[in-house]
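# Residue-level structural notes
So the chains spell out like this:
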Amino acid sequence: MPEGTAHSTGAATDGPSTGTATRAATTPTADGTTGTTAAAPRARLAGRRATVDAVLRNSPLQPLFRLAATRRLAVLAYHGVDDPRVFALQMERLVRHARPVPLAAVEQAVQTGRPLPRRSVLVTFDDGDRTVLTEGLPVLTRLGIPAAAFVVTDLIGGDQPFWWSEAAFLAAHGGTARTLADCPPVGVVRRLKTLADRDRRTALAELRESARVRAPRQEQLTPDDLRALAGAGVAVGNHTSGHPCLDHCEDDTVRAEITGAHQALTGWLGEAPTAFAYPNGNLDPRAEAELRRLGYRVGFLFDHRHDRLLPAHPLRISRLRVNSTTGRDRFDTILSGLHPAVHHLRGGA
């Protein structure tokens, strides 16, 4: 999951992820309704979004934004690769219409003060979902596209699910917590992200105790997998140890989350990471200071914006929210900057 709004940004699709339609018709949703009753509203919403996306892509503004985008850096922020077919189509469009660049090129630009080439695009993935290796890497390798993956190090080598996935599952299966008493299951993850980190951890423990069933296990990347990604042109970066919202953490936790992941990645990869992605995109000045102390060259937000070909703030580089089910119309307007402009004009964070 991401960072809360990533999926809403790319909801219009060329088709649902494999198996999504079948599951929607037979399983309970997070708000307690059955898939059958929830499917129709979801379909209507998807239809409306697809219509809006088509209107935007065919508007007279799109060519103007596309031209302006050639002079800006587009950093695409994915999570997992849920639909390999659509992801492949997206990457093929990048190769045809943009200039995919490696993380090292962005780092070199900020170090030397020389802007990146026009139409530069960096592909990134947050969290370290295993599908980046199993589904994404074959596509990237075939097309010669470099990328970067920012991983949650506490999960590497195990089968613990991402905490937000676990919380959503537990809430949908009877889990409760004192700080979530007035919160419907569908809003649990969003609420947890607003809590002080110690309260989030307490609430998650209470959800585990009270839910009718445990959340299913999730196979995670291993240290060998990280080395395989790095060897295939996917740079591996720091996304903290446990993926808390750093601006809701105590000082000691901020330092421990960054340095713990830094040390783990250095041990696994044989060299220190130099790139960081803020969990949930939440910028925190204490984290920024710690990154400087550790020698990080670049840090990435999750703000759905382009940046400059020579980013003005190397530890605050903007990224565009996208996912592997984002349809062609929306994908094109995200790349051009038209979709982000409309998103922010409407008050989107």
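All values derive from a computational prediction rather than experimental measurement.

Our next topic: the overall build of the protein. From N to C terminus, the protein includes 15 helices and nine strands. Looking at the protein residue by residue over its 349 residues, the buried ones come to 50%. By element, 55% of the accessible surface of the protein is carried by carbon and sulfur atoms, the whole surface being about 15,400 Å².

This next bit is on the packing of aromatic side chains. Going through the model one piece at a time under the given rule, you end up with eight aromatic pairs. Considering the side-chain rings of Phe150 and Phe300, the 5.6 Å spacing of their centres and the 55° angle between planes classify their relative orientation as tilted. You can see Phe150 sitting in strand β4 (residues 147–151) and its partner Phe300 sitting in strand β7 (residues 298–300), a full 150 residues away along the chain. Between the NZ or CZ atom of Arg200 and the centre of the ring of Trp163, over which it lies, the distance is 4.5 Å.

One non-glycine residue, Thr240, lies in positive phi territory at about 75°. Topologically, Thr240 is positioned in the loop between β5 (234–238) and α12 (251–269). Positive phi values are uncommon outside glycine, yet His243 reaches one of about 65°. Note that His243 resides in the loop between β5 and α12. Overall, His243 belongs to the buried group, its relative accessible area being 1%.

For the rest of this paragraph, the subject is the environment of Asp126. Tracing the sequence through the fold places Asp126 in strand β3 (residues 120–127). With a relative accessible area of 0%, Asp126 lands in the buried category.

Once their charged atoms are close, side chains differing in charge can pair, the charge on each being opposite to the other. With the rule as written, the count across this model stands at 24 salt bridges. With a shortest N-O distance of 3.6 Å, Arg130 and Glu219 are connected by a salt bridge. On the criterion of sequence distance, the pair formed by Arg130 in the loop between β3 and α7 (131–143) and Glu219 in the loop between α10 (197–210) and α11 (223–231) is long-range, its members being 89 residues apart. The exposed category is assigned to Glu219, whose relative accessible area is 53%.

Judged by side-chain charge, Arg71, Arg99, Arg118 and Arg119 come together as a positively charged surface patch. Tracing the backbone through its elements, the reader meets Arg118 in the loop between α6 (103–112) and β3.

In this structure, Leu76, Tyr78, Met91, Leu94 and Phe125 are the most contacted members of the largest nonpolar core, which totals 33 residues. Where this core is concerned, the elements lending two or more residues are β1 (72–78), α5 (84–97), β3, α7, β4, α11, β5 and α14 (328–336). It is α7 that contributes the most residues to this core, five residues altogether. Discounting chain neighbours no more than four positions away, the residues touching Leu76 are Leu94, Val121, Leu122, Val123, Thr124, Leu320, Val322, Phe331 and Leu335.

Moving on: the packing of α11 against α12. Where α11 contacts α12, the two axes come as close as 9 Å, and the packing angle between them is 70°. In this view, α11 runs roughly perpendicular relative to α12, as classed from their interaxial angle. Contact residues: α11 offers Pro223, Leu226 and Arg227, while α12 offers Leu265, Trp268 and Leu269.

Of all eight residues making up β3, eight are buried, and the element is well covered by its neighbours. In this structure, strand β2 (residues 99–100) lies alongside β3, joined through two bridges in parallel fashion. Among the inter-strand pairings, Arg99 is bridged to a residue of β3, identified as Ser120. You can see the chain leave β2, run along α6 and come back into β3, and the turn it takes is right-handed. Bridge count between β3 and β4: five bridges; the pairing is parallel. What sits directly across from Phe125, in β4, is Ala149.

Its location among the elements puts Asp199 in helix α10. Here the alpha-carbon distance between Asp199 and Cys249, two residues 50 residues apart in the chain, equals 10.0 Å.

Cut-offs used in this document
- What you see as residue numbers is a count from 1 along each chain, following the sequence as written.
- In keeping with the model being predicted, local features are shown solely for residues with a pLDDT of at least 70 and side-chain atom pairs are shown and tallied solely at 80 or more, while totals for entire chains, interfaces and linings include all residues.
- Heavy atoms throughout the structure, all of them, feed into the side-chain values; hydrogens and water do not.
- Only DSSP runs of H or I covering at least 4 residues are called helices, and only runs of E covering at least 2 are called strands; the numbering of each starts at the N terminus.
- The classification of residues rests on relative accessible area computed with a 1.4 Å probe and restricted to protein chains. Under 20% of the type maximum is buried, over 50% is exposed, and intermediate values are partly exposed.
- Only the protein chains shown count as cover for residues, and all accessible areas are computed by the Shrake-Rupley method using a 1.4 Å probe.
- Between the rings of Phe, Tyr and Trp (Trp by its six-membered ring), a pair exists once the centres lie within 6.5 Å; its type follows the angle of the planes, with under 30 degrees stacked, over 60 edge-to-face, and the other angles tilted.
- Counting as a charge over the ring demands two things of the Lys NZ or Arg CZ atom: a distance within 6 Å of the ring centre and an angle within 35 degrees of the ring normal.
- When a carboxyl oxygen of Asp or Glu is within 4 Å of a side-chain nitrogen of Lys or Arg, the pair counts as a salt bridge.
- Patch rule: a residue counts if its relative accessible area is over 30% and it has no salt bridge; like charges are joined within 9 Å, and nonpolar side chains (Val, Leu, Ile, Met, Phe, Trp, Tyr) within 5 Å.
- We score Asp and Glu as negative and Lys and Arg as positive, and we do not count His or the chain ends.
- One atom stands in for each charge, and that atom is NZ of Lys, CZ of Arg, CG of Asp or CD of Glu.
- The term nonpolar core refers to a set of buried residues drawn from Ala, Val, Leu, Ile, Met, Phe, Trp, Tyr and Cys, joined through side-chain atoms within 4.5 Å.
- Should any heavy atoms of two residues lie within 4.5 Å, those residues are counted as being in contact.
- Simply put, an axis is a line fit to the C-alpha atoms, just over the touching stretch for a helix, and the angle between two N-to-C directions goes from 0 to 180 degrees.
- Angular relationships are summarised with four words: roughly parallel below 35 degrees, roughly antiparallel beyond 145, roughly perpendicular across 65 to 115, and oblique for the angles in between.
- Paired strands are those between which DSSP finds at least two bridges.
- Seen with its strands pointing away from the viewer, a crossover is right-handed when the path leading from the first strand over the helix to the second is clockwise.

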